[in-house]
Amino acid sequence: MNTTALKFGGSSLADANQFRKAADIILSHEGRLFVVASAPGKRSKDDTKVTDMLYACYDLAASGQDFREALGKIELRFSSISDELGIKFDLKSEFSVIGKHLQDGPQRDYMASRGEYLNSKLLAAFLGFDFIDPASCIFFNEEGNLDAERTNTALGAILKGKKRAVVAGFYGTGADGNVRTFSRGGSDVTGAIVARAAKADVYENWTDVSGMLSADPRIVTNPEPISEISYKELRELSYMGASVMHEDAVFPVRQAGIPINIRNTNRPEDSGTWIVPHRKSTADDGRVVTGIAGKKGFSSIRVEKAMLNNEVGFAARLLDIIASAGVSFEHVPSGIDTMSVIVDSEDFRAQRSRILEDVQDSLSPDALIVDTSIALIAVVGLGMVYRKGVAAKLFSALARADVNIRMIDQGSSEINIIVGVDEADYEKALNALYDTFFKAP
Ligand code: ADP
Ligand code: ASP
Ligand code: MG
């Protein structure tokens, strides 16, 4: 029997009706053994995700304000699911534990994790499966990264003893013994960890779209679905903003060679996207670009200095200043007399004066120019390695759309080209690139 690990995202478990759909999917196949659940997501466009409600509730408690009403609203989200489905589950005592925690000394990650914890307990009770708390078997190291091997051993041993189980997504235990979460959207990572530990044949990731689309559906109307994509391409696209999948979810399954199948809980009949270790070159199917993704929120720090190319160690010193401020860089496009470093705007904002002063003092540039409104767009495709003229096509599409290119970087893997544009041009640029690579004959 093929075994499957499944992860259901927030919108797939947002209310009782979505719970029923998820349960039908899980129970329709006896190999669907291990399920990872997210916290209840949005039930409609203007709704609030439970995870966001939990963070807001934590903020109130941490600043000494009254959190009771906020906590009551969270309890209501869960009790409406549990009551409607007739699940026997003592929510009252769970919420009194959380209330006491908030009173005695709230911890942000612990609070955020309660959405996954409670939703998974509810789902396990509804399905009649065991519940597994990842606090006992998913571990982070001192640096705050997943301790992959320790986790795989501990979780593997627990799963061995279970027939079918629900594992809470999004968190584990930190090196200090406290609950620690992944970054937002991290239940995708938990799903991949469970798939690897269970030695599953497939990792099904159930969400609210019928797979990975070739562009962000919130910006491009009806982008084409991607039927098959390699791990490498997926990682490039998800890192660059294709938020359907967490960028780190690839690692645990790639190690084990387990394919990921992204599926739609609301349209289980659709086959979705297959993410596979290797994909045949697209050189002969005519599809050069697999997908386009991007995001706003970057800044560029541009340093100009005559004869910069002759100054040994200049680049290393510039990057060292930025690294010492705890800011990591995304790209470093450079010319003969200029060098730019593209960084995340939020990280940069907090360290801006320190970085700029250090650059002035130790590098004495002729000019130091900061631009805080850059959007990055990645055009990704294995087929690009075999085709000439992709860059030319990309640049002329942006020129036709009157978009000014602020930065260009062709990834050394040759499967992506990244351009930086003004944030104001982001939507226009994305649509122009989509039209060129997916609609033009
Ligand atoms: P879940 O709660 O199931 O984890 P997410 O909201 O994290 O779901 O991810 C699904 C959403 O990702 C979609 O509803 C869509 O709006 C967004 N998205 C952004 N880029 C893409 C893309 N390239 N393909 C599919 N969905 C995308
Ligand atoms: N509930 C968490 C979040 O909203 C994790 C997840 O959904 O994957 O980020
Ligand atoms: Mg998600």
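Before reading further, recall that the structure is shown in the block above.
Residues numbered from 1 in each chain as written. Chains lettered and ligands numbered in written order. Predicted model: local features only at pLDDT ≥ 70, side-chain atom pairs only at ≥ 80, totals over all residues. Heavy atoms only, no water.

**Q** I keep staring at the site of ligand 1 and nothing clicks. Help me out?
**A** In the vicinity of ligand 1, 17 residues are found, and the nearest of them are Lys7, Gly10, Thr207, Asp208 and Leu213. One nitrogen or oxygen atom from the side chain of lysine 7 is found 3.0 Å from an oxygen atom belonging to ligand 1. Contact between ligand 1 and leucine 213: a nitrogen atom at 2.9 Å from a main-chain N or O atom of the residue. Within the complex, 85% of the 580 Å² of free accessible area of ligand 1 lies under protein. Residue composition of the shell around ligand 1, by class: seven nonpolar, six polar and four charged. (Near = heavy atom within 4 Å. Polar contact = N/O pair within 3.5 Å; in protein donor to acceptor, adjacent residues only side chain to side chain. Areas by Shrake-Rupley, 256 points an atom, 1.4 Å probe, with all protein chains shown as cover. Nonpolar A, V, L, I, M, F, W, Y, C, P; charged D, E, K, R; others polar.)

**Q** Explain the sheet that holds strand S10 (residues 273-276) here, please?
**A** Taking strand neighbours across the sheet as the criterion, the eight strands line up as S3-S4-S2-S1-S7-S9-S10-S8 in an open arrangement whose pairing is mixed. Sheet topology places strand S3 (130-132) and strand S8 (228-230) at the edges, where each strand pairs with a single neighbour. Averaged over all pairs of adjacent strands, the angle between their axes in this sheet comes to 25°, without regard to strand direction. When strand S2 (residues 32-37) meets strand S4 (residues 165-168), the two strands line up parallel, connected through four bridges. Bridged to valine 36 within S4 is valine 167. Of the strands in this sheet, strand S1 (4-8), S2 and strand S7 (202-207) are in contact with helix H1 (residues 16-27), which crosses S1 at around 175°. (Pairing = 2+ DSSP bridges. Helix = DSSP H or I, 4+ residues; strand = E, 2+ residues; numbered from the N terminus. Axes fitted to C-alpha atoms, helices over the stretch in contact; angles between N-to-C directions. Contact = heavy atoms within 4.5 Å.)

**Q** Is there a simple way to think about the pattern of salt bridges in this case?
**A** Side chains that carry opposite charge are capable of pairing whenever their charged atoms lie near each other. Scanning the entire structure with this criterion turns up 24 salt bridges. As a salt-bridge pair, lysine 428 and aspartate 425 come within 4.0 Å of each other at their nearest N and O atoms. Exposure remark for lysine 428: the relative accessible area of 40% places this residue in the partly exposed category. Each of Arg43, Asp47 and Arg77 takes part in salt bridges that share partners, so that together they form one network. (Salt bridge = Lys/Arg side-chain N within 4 Å of Asp/Glu carboxyl O. Buried < 20%, exposed > 50% of the residue type's maximum accessible area, 1.4 Å probe, protein only.)

**Q** Help me out: how do you make sense of the packing of aromatic side chains in this one?
**A** Think of a pair of aromatic rings as described by two things: how far the centres are apart, and how the planes are tilted against each other in angle. Counting across every chain of the model gives six aromatic pairs. Summarising the aromatic geometry, the rings of tyrosine 434 and phenylalanine 438 are spaced 4.9 Å apart at their centres and angled 10° between planes, so their arrangement reads as stacked. With a gap of four residues between them, tyrosine 434 and phenylalanine 438 both fall in helix H13 (residues 426-439), about one helical turn apart. An identical accessibility class is assigned to tyrosine 434 and phenylalanine 438; each is buried. Above the ring of tyrosine 171, the side-chain terminus of arginine 114 is found at 5.6 Å from the ring centroid. The cationic tip of arginine 180 hangs over the ring face of phenylalanine 140; the distance from NZ or CZ to the ring centre is 5.6 Å. (Phe/Tyr/Trp six-rings, centres within 6.5 Å; stacked < 30°, edge-to-face > 60°. Lys NZ or Arg CZ within 6 Å of the ring centre and 35° of its normal.)

**Q** Would you explain the layout of surface pockets in this entry?
**A** Gaps left between atoms are located by rolling a probe of water-molecule size over the structure's atoms. Considered as a void within the structure, the second largest pocket measures approximately 450 Å³ in volume. In terms of lining residues, the second largest pocket is bounded by 21 residues, among which Asn145, Leu146, Phe182, His246 and Asp248 are the most central. Considered class by class, the residues forming the lining of the second largest pocket number nine nonpolar, eight polar and four charged. (1 Å grid on protein atoms, 1.4 Å probe; cavity = no way out; pocket = protein on both sides within 12 Å on 5 of 7 lines; lining within 4 Å. Points joined across faces, edges and corners; volume = space filled by probe spheres on them.)

**Q** So what exactly am I meant to see when it comes to the packing of H1 against helix H3 (residues 68-85) here?
**A** Axis separation between H1 and H3 bottoms out at 9 Å; the angle between their running directions is 60°. Put simply, H1 runs oblique to H3. Side by side, H1 and H3 meet where Ala16, Phe19 and Arg20 of the first sit next to Ile81, Glu84 and Leu85 of the second. Partitioning the contact of H1 with H3 into residue classes produces four nonpolar, no polar and two charged. (Parallel < 35°, antiparallel > 145°, perpendicular 65-115°, else oblique.)

**Q** Help me out: how do you make sense of helix H12 (residues 390-400) in this one?
**A** Each turn of an α-helix holds 3.6 residues, which means side chains three or four residues apart point in the same direction. Turning to H12, its buried residues number three or more, namely Val390, Leu394, Ala397 and Leu398. Looking straight down H12, one finds its buried side chains confined to an arc of 95°; they lie on one side. What points out from H12, more than 90 degrees from its buried face, is the exposed set Ala399 and Arg400. Lining the buried residues of H12 we find strand S14 (367-380), strand S15 (405-410), strand S16 (416-422) and H13. The positive-phi residue at the C-terminal boundary of H12 is aspartate 402, with phi of around 65°. (Arc of directions from axis to C-beta.)

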